[in-house]
Amino acid sequence: MPNENFLSQVPAASALFLREAEVRRGIEYLFFGHGALWRAIDARLAENGLGRAHYRALYFIARAPGITISDLLGLLGITKQSLGRVVKELEAREFLTTRPGGRDRRQKELRLTPGGRAVEAAIFQPLRDAMSRAYTHAGQQAVTGFWQVSEALMHPRDRARVAKLGDES
């Protein structure tokens with residue numbers, strides 16, 4: 001059985017946290033943490049015949065109902081062609097709807113259907129559970145530090161985008 005008190009095994013960052021060894025350790029934690037989160041939902045994605053790109057789109061549409069294709073492109077950082085393929089598949093499966101934009105009719109606004117919301121919520125559950133466990137183990141100060149480091153890694157434009165997520169949900 002794995003040691004539940006795993007934080008005691010995590011070496012403390014040295015006072016010289018900008019040394020290459022500490023920077024590499026942080027990158028390794030990012031790689032492995034990110035991979036663990038995705039593996040937590042891979043089975044649910046497969047059950048629903050979806051890939052990770054589909055879920056990323058569902059997630060951000062759920063967080064920002066009415067998001068435009070161009071805004072979603074900015075959040076996901078993928079090509080228009082890739083997003084077009086994902087949106088068409090999700091629309092064909094009746095997980096989302098598109099409609100002309102309220103301010104600019106040339107824009108397409110995206111919203112999840114009730115079925116799309118249900119699938120997104122079911123896939124989100126293991127992510128929520130994994131993050132909640134990690135947050136509980138790490139404690140409030142560590143969570144705040146994690147958010148601060150993550151925010152500092154982002155481009156300023158992306159910080160503003162993230163800050164707006166969930167305002168309308």
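Note that the structure is predicted; figures quoted are calculated from it, not measured.

K.L.:
I'd love a proper account of the overall build of the protein chain, names of residues and values included.
P.N.:
A tally of helices and strands in the protein chain yields seven helices and three strands. Across the protein chain, helices and strands are ordered from the amino to the carboxyl terminus as α-α-β-α-α-β-β-α-α-α. Buried positions account for 24% of the 169 residues belonging to the protein chain. The contacts of the protein chain with a sequence gap of at least 6 include a subset with a gap of at least 24, amounting to 51%. Element-wise, carbon and sulfur atoms account for 57% of the exposed surface of the protein chain, whose accessible area totals about 11,700 Å².

K.L.:
Provide a residue-level description of unusual backbone geometry, including the pertinent values.
P.N.:
Even without being glycine, E94 reaches a positive phi, approximately 60°. For E94, the location among the structural elements is in the loop between α4 (80-92) and β2 (96-100). Given the relative accessible area of 60%, E94 is considered exposed.

K.L.:
Break down the nonpolar core for me, with residues and values.
P.N.:
Counting residues in each nonpolar core, the largest one holds 27 residues, and the members touching the most others are L50, L72, L90 and L110. Of all the elements in the fold, those that place two or more residues in this core are α1 (20-47), α2 (52-63), α3 (69-76), α4, β3 (108-112) and α5 (114-138). Ranked by residue count, the leading element in this core is α2, at five residues. Not counting chain neighbours up to four residues away, the residues in contact with L90 comprise L50, H54, A57, L58, F95 and L96.

K.L.:
Let's hear about α4: which residues, and what values?
P.N.:
Here α4 contains 13 residues, and its C-alpha end-to-end distance of 18 Å stays within 8% of the 18 Å for a straight helix at 1.5 Å per residue. The inward-facing, buried residues of α4 contact α2, α3, β2 and β3. Once α4 ends, the next one or two residues include E94, with phi positive near 60°.

K.L.:
Outline the packing of aromatic side chains, supporting the account with residue identities and numerical values.
P.N.:
In the structure shown here, the tally under the stated rule is four aromatic pairs. Taking 6.2 Å as the distance between ring centres and 50° as the angle between the ring planes, the aromatic pair formed by Y55 and Y59 counts as tilted. Placement of both Y55 and Y59 in helix α2 is noted, with a separation of four residues, approximately one turn of the helix. When its relative accessible area of 2% is taken as the criterion, Y55 is described as buried. Classification of Y59 as partly exposed rests on a relative accessible area of 24%.

K.L.:
Tell me about the pattern of salt bridges, residues and numbers included.
P.N.:
Taken as a whole, this structure holds eight salt bridges when the rule is applied. For D42, the salt bridge is made with R52, and the minimal N-O distance between the two is 2.7 Å. With a gap of 10 residues between them, D42 in helix α1 and R52 in helix α2 connect regions that are remote in the sequence. Given a relative accessible area of 28%, D42 falls into the partly exposed group. Across the pair R157 and D158 runs a salt bridge, and its minimum N-O distance is 3.9 Å. When its relative accessible area of 45% is taken as the criterion, R157 is described as partly exposed. It is possible to trace a salt-bridge network through shared partners that takes in R157, D158 and R161.

K.L.:
Summarise the side chain of H54; cite the residues concerned and give the values.
P.N.:
Checked against the element boundaries, H54 lands in helix α2. The class of H54 is buried, set by a relative accessible area of 11%. Side-chain polar atoms of H54 contact the backbone nitrogen of G51, separated by 2.9 Å. Other than its neighbours up to four places away in sequence, H54 contacts V86, E89 and L90.

What counts, and where the lines are drawn
Residues numbered from 1 in each chain as written. Predicted model: local features only at pLDDT ≥ 70, side-chain atom pairs only at ≥ 80, totals over all residues. Heavy atoms only, no water. Helix = DSSP H or I, 4+ residues; strand = E, 2+ residues; numbered from the N terminus. Buried < 20%, exposed > 50% of the residue type's maximum accessible area, 1.4 Å probe, protein only. Contact = heavy atoms within 4.5 Å. Areas by Shrake-Rupley, 256 points an atom, 1.4 Å probe, with all protein chains shown as cover. Core = buried A, V, L, I, M, F, W, Y, C linked by side-chain atoms within 4.5 Å. Expected span 1.5 Å × (residues − 1). Phe/Tyr/Trp six-rings, centres within 6.5 Å; stacked < 30°, edge-to-face > 60°. Salt bridge = Lys/Arg side-chain N within 4 Å of Asp/Glu carboxyl O. Polar contact = N/O pair within 3.5 Å; in protein donor to acceptor, adjacent residues only side chain to side chain.

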